[in-house]
Amino acid sequence: PRPTLLSDYTPYNFSLDSVTLDFDLRVEATQVTTTLSVSRKAGGPMRLNGEGITLKSVSIDGQILARKDYQLTQTELVLDNVPDNCVIEIITQCNPSQNATLMGLYVSGGRFCTQCEAEGFRRITYYPDRPDVLSVFTVKITADKSKFPYLLANGNMTDNGEAPGGRHFAVWEDPFPKPCYLFALVAGDFDILEDSFTTMSGRDIPLTIYVDRGDAPRADYAMDALKRSMRWDETAFGREYDLDRFMIVAVRDFNFGAMENKGLNIFNSSLLLADGPSATDMNFERIESVVAHEYFHNWTGNRITCRDWFQLCLKEGFTVFRDQEFSADQRGAAVQRIKDVRALRARQFAEDAGPLAHPVRPSQYEKIDNFYTATIYEKGAELIRMLKTLLGADDFRKGCDYYFETLDGTAATVEQFIESFEAATDRDLSQFMLWYEQAGTPVLDVKRDSSSVTFTQSLRATPGQKTKRPMPMPIKWQVIGKDGPVSDPQMTVLNGASITVDLPNDRPDTTLSVLQDFSSPVRINSRNETGDYLRLMGGDPNSFNRWDAGQTLATKLLSTLTGAIESGRMPRVDTALRDYVSALRATLLSPDFDNNFKALTLSSPSVMTILQTRKASDPTAAALAVDWLHRAIGDRLRGDLLPLYNDLQDSGPFSPDAAAAGRRALKNASLALMGASFHPQAAPLALEQFNDATNMTDELSALVTLSQLGGRRVDQSLSRFYEKWEHNPLVIDKWFAVQAMRKLPGGIHDLSDLTEHSAYDRRNPNRVRALVGNFAMSNPHMFHNIDGTGYDFFTAQILDMDSRNPQVAARLAGAYEIWPKLDKARQALIQDQLRAIMAAGPSQNLSEIAGKILG
Ligand code: HT7
Ligand code: ZN
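Cut-off values and rules
Residues numbered from 1 in each chain as written. Chains lettered and ligands numbered in written order. Predicted model: local features only at pLDDT ≥ 70, side-chain atom pairs only at ≥ 80, totals over all residues. Core = buried A, V, L, I, M, F, W, Y, C linked by C-beta atoms within 7 Å. Buried ≥ 20, exposed ≤ 12 C-beta atoms within 10 Å, placed from the backbone. Helix = DSSP H or I, 4+ residues; strand = E, 2+ residues; numbered from the N terminus. Contact = placed C-beta atoms within 7 Å. pLDDT = per-residue confidence, 0-100. Pairing = 2+ DSSP bridges. Domains from an automatic or database assignment. Axes fitted to C-alpha atoms, helices over the stretch in contact; angles between N-to-C directions. Near = placed C-beta within 6 Å. Nonpolar A, V, L, I, M, F, W, Y, C, P; charged D, E, K, R; others polar.

Counting residues in each nonpolar core, the largest one holds 247 residues, and the members touching the most others are Leu-185, Val-186, Ala-222, Val-249, Ile-266, Ile-287 and Ala-813. No other element matches helix H16 (residues 658–676), which puts 11 residues into this core. Residue contacts for Ile-266: discarding those within four places in its chain leaves Cys-113, Gln-115, Ala-184, Val-186, Val-249, Val-251, Ala-258, Met-259 and Asn-261.

What follows is the structure, given as structure tokens:
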């Protein structure tokens, strides 16, 4: 298929003055009557997208069109002679119960719901399914009253009542013009949680969260996060909520995390429901950030939307930046920055270095669903962060205000966004656009002599982009001596290829702490020695760099260990290991750092990170290296871990706040290290913690430690866990995940057996991600088994999923993008798998991903 090109953009030739949608909801045959008031803006036919729906009739100004008056293909309805101003009525039918793509209108848990971003609306009716066609929507929903007591759509409810045959109806009007990807409809029976929020101008907004019967108490945390988000957007960005009510609905079958439909957010239930006994601290943290993210879209995405899908980062990058800033304010800036950068490096850097690399604003795509990537989201957020660093907080806010004021109600471009900052601050930001256009992660080389430092940037070719140009790069740095900093933090902006800066003072025995707070999304070649990293670990006032120094040391160790394991040599890392562990120990015992920071310092780099630093590596050797390092750290901290674990026991009532979560994180990191080093107390403690836990963080951490220790107690604990949580699907997802990430005693057969388990549901993306996704991403021993059985299993699961849900299948297949980093034997095995996928006649989504990975 011909890709869509950014350079081909042309505005739509009609404007839609209003849209009315009338849904006669029935599970197997829903009828939609669409009424469009249109006016012509340019010549040509009216082209309407449509997919997987049946056209019943089309009329213009009350005249039903004959079949010869329109063209109908699998994907389009084309109307030739449309008057300049007219009313078009289209009647279509769809089958929500058979819609396994989970795009458009579908049934989940016996309820109707919709997902329209990016191109799902065309599965509901024929329509210009593009983000730059904005209109005001009136929606009438009619459905069986007893089965579907709640009928919801965007905006405000203006009417409701009885309908014949035990049915009822509701009418919703959304006064804000929107593109159809923000349309939403939900119908079903729910438990509801209600609250309200008073905006900064004094308007009372009712807030409602709709969940499964019995789940309302588990929505308390999301409700609290919502109110905090609403307040934060007012204080941090001056943005007030606009509609008269705000609703969130939880659904269990969902392709993604959540969706920001205007006034009616729809959430994957895994990102909404939590309480202490059933949700981990990580679940609470994610819920807080995703609730905020979707709410913040109301301004960055909904009030100002995207001209076309190439501008996706305009809403996603900016909104991720806003949710990261919110989380930093709620939970602590340093720890938040570490977590964000860790995620960026693990996922986005890998993407940028592999066959799927693409710019933050791509210039072509085959299926836009495949572009909801770490590059668009996370690197997109880093670009906004750099902009703030370059401009300073005040000018950044001025630019944001200008953007919101001048582009409200429009579908904008990245250029218009950048121009807002230029107009508001009188700066030239044209070179900054390169960050949006060039794929790949730049390398920042740091070379110092006694009195100066030279920063040099370079960027390797990526698929389709051979030559690259220097980009403006803010570099925060500081000089650190043996007793701490010997200069103030400095800021250098590298605009060209290279810049040399004088050091603020000329001391021989000093170390440079460069890229503090990760001020640009680059890889760094700092030329620092082990001693420099140890100094930074002990004395860098910048928390991010203090943590990062430890990660660099661990990565170096792991790379050496991987090489030794690959070639069957004994690893020679004694001195480096001793120094690294004593620096870890100093951090652990210091009263100056909080528990979250300490836990992050203890967490070692992932197998993915190690593979990124090496060429043609054996991933199972890298996984063994990680196991080896954990064991060695556990051995060397043997005397400290048990007292630390005991000290961190918490007997008070459960709280999901950052301080309590930090205690649990450090306690469970200590337990995991005791487990990794087979501390005699590890198994009894883990068992006791598992049996007595009153919160899921402790229960699950103990289960993971037990499952790593192996033996009979693993099966017993897993069975007990299953029986206890059988009726909570979100916890059963965890049960599948723990097993997917474990070296299963029966190998791949055990994994296949799990796909036959009565609780396994191959139509449910959460469950498939829990088992199949975690297997590919977090079980290197089994997934990369050289006998190829891990890959065979995975490919079979991808193809099975592709027959129902191409979006989720394509996303799973992304796990194969790592192949160029692997040893020759595995490269060949994965290439064979990708060829098999291509030969199986995959969906367009899967074919784009598999084809690009194969190269
Ligand atoms: N803007 C939302 C994207 C989304 C999505 C994309 C493709 C397929 C299904 C989807 N569901 C939601 C989510 C967000 O970034 O807020
Ligand atoms: Zn988003």
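Still more ground to cover, so stick around.
In this section: the confidence of the model for the protein chain. Interpretation of this model should avoid reading the predicted coordinates in detail wherever pLDDT is low. Per-residue confidence for the protein chain gives a mean pLDDT of 97, with 100% of residues at or over 70. Our summary of model confidence lists the complex with pTM equal to 0.98 and ipTM equal to 0.98.

It is worth spelling out the pairing of strand S8 (residues 76–79) at this point. With burial as the criterion, only one face of S8 is covered, namely that bearing Leu-77 and Leu-79; the residues Glu-76 and Val-78 on the opposite face remain uncovered. Where strand S4 (residues 46–49) lies against S8, 4 bridges are found, and the strand directions are antiparallel. Bridging across to S8, Arg-47 finds its partner in Val-78. Summarising the sheet, strand S7 (residues 70–72) and S8 pair through 3 bridges and their orientation is antiparallel.

Structurally, the protein chain comprises domain 1 (1–189), domain 2 (193–298), domain 3 (305–437) and domain 4 (726–855). A straight line from the C-alpha centre of domain 2 to that of domain 4 covers 31 Å. Across the boundary between the two partners, domain 2 contributes 9 residues, which contact 10 residues of domain 4.

Strands belonging to one sheet form pairs held by backbone hydrogen bonds; the direction of such a pair is parallel or antiparallel. Spatial strand order, S4-S8-S7: 3 strands in an open sheet with antiparallel pairing. At either margin of the open sheet sits one strand with a lone partner, and together these are S4 and S7. In this sheet, neighbouring strand axes are inclined to one another by 15 degrees on average, regardless of whether the strands run parallel or antiparallel.

Another point: the site of ligand 1. Taken together, 15 residues form the shell around ligand 1, and within it Glu-117, Asn-255, Phe-256, Met-259 and Tyr-372 come nearest. Listed by contribution, the elements that provide at least two residues to the shell around ligand 1 are strand S20 (258–259) and helix H2 (281–296). A class-by-class count of the residues in the shell around ligand 1 yields 5 nonpolar, 5 polar and 5 charged.

Moving on: the environment of Asp-502. In this fold, Asp-502 is placed in strand S30 (residues 498–502). For the pair Asp-502 and Ala-796, spaced 294 residues apart in sequence, the C-alpha separation works out to 59 Å. When sequence neighbours within four positions are dropped, the list of residues in contact with Asp-502 reads Ser-451 and Ser-452.

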